[in-house]
Amino acid sequence: MGGRFSPRGGGFLDGPPEQWVEQLLPLAVEDGVDTFILASDDPGTMQRFAEEVAPALREAVALELGWGADASGETDAPGTAGPARIRSTAQLARRRPGIDYDAIPASLAASAVEPGDATFARVRSTYMRGGDPGLVLRPTTATQVAEAVGFAGVHHDRGIPLAIRSAGHGISGRSTNDGGIVIDLSALRAITVLDEASRLVRIEPGARWKDVAAFLEPHGWALTSGDYGGVGVGGLATAGGIGWLVREHGLTIDHLRAVELVLADGRIVRASETEEPDLFWAVRGAGSAVGIVTAFEFEVDEVGEVGWAQLTFDATDTEEFLQAWGDWIVDAPREVTSFLILGAPRPGQPTYAQVMAMVDLADPDEVVARLQPLAAAAPLVAQDVRMTTYRAVISNAGDESHSGQGEPSARSTMIGRITPEFARDATRFLESGATYFFQFRAAGGAVHDVPADATAFAHRDAEFSVVAFGSRGRSLDERFDELIAPHGEGTYVSFDTTRGADAAARAYPPATLERLRAIKAAVDPLNLFRDNADVVPTAPVIE
């Protein structure tokens, strides 16, 4: 780039060195530019750039990205506490009312992001939801998470909203907000093997499932998760986890052996079947309501080469296809798991069904044999069947920053077998135009092996998780309540954007919700953690 130094600011790179730093900073922080080449043969310009722009820009980048930096420009690891950040008057003017910015814990201040910071655009929104928080705290240790919780707790009393974010992919949870505080766990992403013999692995909440799959593959292991590698571990592993291996290996939470958890009062506890068993029960299905998990201990599975199928069917006879696909997957051996996606029909075009299936077998002939019964369900328009790895399938995510806009609208329920009556009403729902994305996830097999009261995820008898997205919330709600909900029971908490106490009542059966409310009363009586399904603590008994 080229420019000139002048006493008064003009256009791009036409002004004093301070202006150059201000204009180059977003290119480095937001666009990832790591080298600037000055196109000049003027010795004075080169000297001023080297002495006044380059060091200041280096320091500004370090501060914006939360790195420590000394005068030489040497930086520490991201998230390391560095010198206090100095913000301009314009930046300070964008602070939100009610937040005591001067009281941010020292360990978090250097990496904290405010609305006036250049990095704010990268952290304000999530995958599907636009946001405008007043402060994003980015802890790097469990102790710093506890400090962030303490800071948020003080502001909770003032009505300042709090959101917890692992990777920002959540649909139901508000991992961003307007004018509130976000605790961003993305820096807590370490993965380590605790015990090779028992396949015990420790995973932090900010890791993404594609990272987990990449770490486990060299060991010949895998851990069933969702269907997208960009999802963070923290949100999914506290809700359920219905992924590509669910019928054979169960939910993600069924592999959990212990957690490290920060409670609302700042305590850091360990929970397992023998330590804080009530908390461990609650974490597996309602973790967002009881605390912030800063480390998970999972017993993972041995998984090698798998069959992976992506099939497109002409499902114009939608009722018949839904029943055929549903019967096929419910009756299939457990090594087969399948998801189905339907979109709103378009005038003059067939209705297409996208079917994905994973077959945990290494023999290609056996894989084809498991898939063959589905071939007669409807005309097959396109197919891609291959031998691959779990890692390859789940590595379907790109950049880690999100730029969602608006407010997503989604509804979900859990159902048993697909009956003719359900297929009829599902077809009517699709034809109504209320949804543009209608997904069915098989959730039977090994999920049924765990007793319904063993975890806070209680929908153990369901065969399918059903989720629908809509662009018009009221229309989606009306048609879903009319046509889909009567066939189901409960919801999958991560896929339903219903808010408030109603969301908790939909997600958890009465006995489960009653137990959760009692646990909340013991560990979070002021209901600090309510950004997902709002589990209201049981009222104290007044004698």
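We now turn to the structure provided with this report. Everything numeric in this text was worked out from a predicted model, so none of it was measured.

**Description of the overall build of the chain**
Working step 1: When helices and strands are tallied, the chain shows 17 helices and 19 strands.
Working step 2: A globule of 543 residues ought to have a C-alpha radius of gyration of about 24 Å, and the chain, at 25 Å, matches this closely.
Working step 3: Taking the principal axes of the C-alpha coordinates as reference, the chain spans close to 80 × 70 × 50 Å.
Working step 4: Among the 543 residues that make up the chain, the fraction classed as buried is 54%.

**Concerning the sheet that holds strand β6 (residues 191-195)**
Working step 1: Read from one edge to the other, the open sheet built from 5 strands follows the order β6-β7-β11-β9-β10, with strand pairing classed as antiparallel. With partners counted over all chains shown, the strands left at the sheet margins are β6 and β10 (268-272), one partner each. Strand-to-strand, the axes of this sheet are offset by a mean angle of 20 degrees, without reference to chain direction.
Working step 2: Relative to strand β11 (residues 292-299), strand β9 (residues 256-262) runs antiparallel, the two sharing 6 bridges. The residue of β11 that forms the bridge with Glu260 is Ala295.
Working step 3: Helix α6 (residues 142-156) contacts β9, β10 and β11 of the sheet and is inclined by roughly 50 degrees relative to β9.

**Concerning the environment of Arg58**
Working step 1: In this structure, Arg58 sits in helix α2 (residues 43-64).
Working step 2: Taking the C-alpha atoms as reference points, Arg58 and Asp117, 59 residues apart in sequence, are found 16 Å from one another.

**Looking at the side chain of Ser172**
Working step 1: The topology assignment puts Ser172 in the loop between β4 (162-165) and β5 (181-184).
Working step 2: Note on Ser172: relative accessible area 4%, which makes it buried.
Working step 3: Among the polar contacts made by the side chain of Ser172, one reaches the main-chain carbonyl oxygen of Ser494 at a distance of 3.3 Å.
Working step 4: Beyond its immediate chain neighbours, meaning those up to four positions away, Ser172 contacts Arg129, Val493, Ser494, Phe495, Asp496, Thr497, Arg499, Asp531 and Asn532.

**Focus: the packing of helix α11 (residues 318-331) against helix α14 (residues 420-431)**
Working step 1: Contact geometry for α11 and α14: axes closest at 8 Å, N-to-C directions at 130 degrees. With respect to their mutual orientation, α11 and α14 come out oblique. Between α11 and α14 lies a crossing of right-handed hand. Along its contact with α11, which presents Thr318, Glu319, Leu322 and Gln323, the element α14 presents Pro420, Ala423, Arg424, Ala426, Thr427 and Leu430.

**Regarding the sheet that holds strand β17 (residues 409-415)**
Working step 1: Here we have 7 strands laid out as an open sheet, ordered β16-β13-β15-β14-β18-β19-β17, and antiparallel in their pairing. Either end of the sheet is taken by a strand with one partner, and the two such strands are β16 (380-389) and β17. Between one strand and the next, the sheet's axes are offset by a mean angle of 15 degrees, whatever the strand orientation.
Working step 2: Here 7 bridges tie β17 to strand β19 (residues 464-470), and the two strands are oriented antiparallel to one another. Bridged to Arg411 within β19 is Ala468.
Working step 3: Here α14 sits on the sheet in contact with β14 (336-342), β17, β18 (437-442) and β19, set at roughly 150 degrees to β18.
Working step 4: Sheet contacts for helix α15 (residues 473-484): β17, β18 and β19; angle to β17, the most-contacted strand, approximately 15 degrees.

**So, the packing of aromatic side chains**
Working step 1: Under the definition given, this model contains 17 aromatic pairs.
Working step 2: Measuring from centroid to centroid gives 5.1 Å for Phe313 and Phe321, while their planes differ by 45 degrees, and the two rings are tilted. For the residue pair Phe313 and Phe321, the accessibility class agrees, reading buried in each case.
Working step 3: Between Tyr436 and Phe469 the ring centres are 6.4 Å apart and the planes differ by 35 degrees, which places this aromatic pair in the tilted class. Of this pair, Tyr436 sits in the loop between α14 and β18 while Phe469 sits in strand β19; the two residues are 33 residues apart in sequence, bridging distant segments of the chain.
Working step 4: For Tyr436, a relative accessible area of 47% puts it in the partly exposed group.
Working step 5: Among the aromatic residues, those joined into a cluster by ring pairs are Trp325, Phe422, Phe429, Phe438, Phe440, Phe464 and Phe480.
Working step 6: The aromatic ring of Phe5 is capped on one face by Arg48, whose charged end is 5.0 Å from the ring centroid.

**Notes on the pairing of β5**
Working step 1: Of the two faces of β5, the one lined by Ile181 and Ile183 and the one lined by Val182 and Asp184 are each fully buried.
Working step 2: In terms of strand pairing, strand β3 (residues 135-137) meets β5 through 3 bridges, oriented parallel. Counterpart to Leu137 in the pairing with β5 is Ile183.
Working step 3: Pairing of β4 with β5, which is carried by 4 bridges, proceeds in the parallel orientation. By the bridge assignment for β5, Ala163 is matched with Val182.

**Examining the nonpolar core**
Working step 1: Counting 59 residues, the largest nonpolar core has Ile203, Val233, Leu279, Phe298 and Tyr508 as its most contacted members.
Working step 2: The dominant element in this core, judged by the number of residues it contributes, is helix α10 (residues 277-286), at 6 residues.
Working step 3: Residue contacts for Val233: discarding those within four places in its chain leaves Ile203, Glu204, Pro205, Ala207, Trp209, Val212, Phe296 and Phe298.
Working step 4: Counting residues in hydrophobic clusters, the runner-up holds 42 residues, among them Phe429, Leu430, Phe440 and Leu483.

Thresholds applied
- Residues numbered from 1 in each chain as written.
- Predicted model: local features only at pLDDT ≥ 70, side-chain atom pairs only at ≥ 80, totals over all residues.
- Heavy atoms only, no water.
- Helix = DSSP H or I, 4+ residues; strand = E, 2+ residues; numbered from the N terminus.
- Rg over C-alpha atoms; globule rule 2.2 N^0.38 Å.
- Buried < 20%, exposed > 50% of the residue type's maximum accessible area, 1.4 Å probe, protein only.
- Pairing = 2+ DSSP bridges.
- Axes fitted to C-alpha atoms, helices over the stretch in contact; angles between N-to-C directions.
- Contact = heavy atoms within 4.5 Å.
- Polar contact = N/O pair within 3.5 Å; in protein donor to acceptor, adjacent residues only side chain to side chain.
- Parallel < 35°, antiparallel > 145°, perpendicular 65-115°, else oblique.
- Left-handed = near helix turned anticlockwise from the far one by under 90°.
- Phe/Tyr/Trp six-rings, centres within 6.5 Å; stacked < 30°, edge-to-face > 60°.
- Lys NZ or Arg CZ within 6 Å of the ring centre and 35° of its normal.
- Core = buried A, V, L, I, M, F, W, Y, C linked by side-chain atoms within 4.5 Å.

Distances and angles like these do not, on their own, reveal function.
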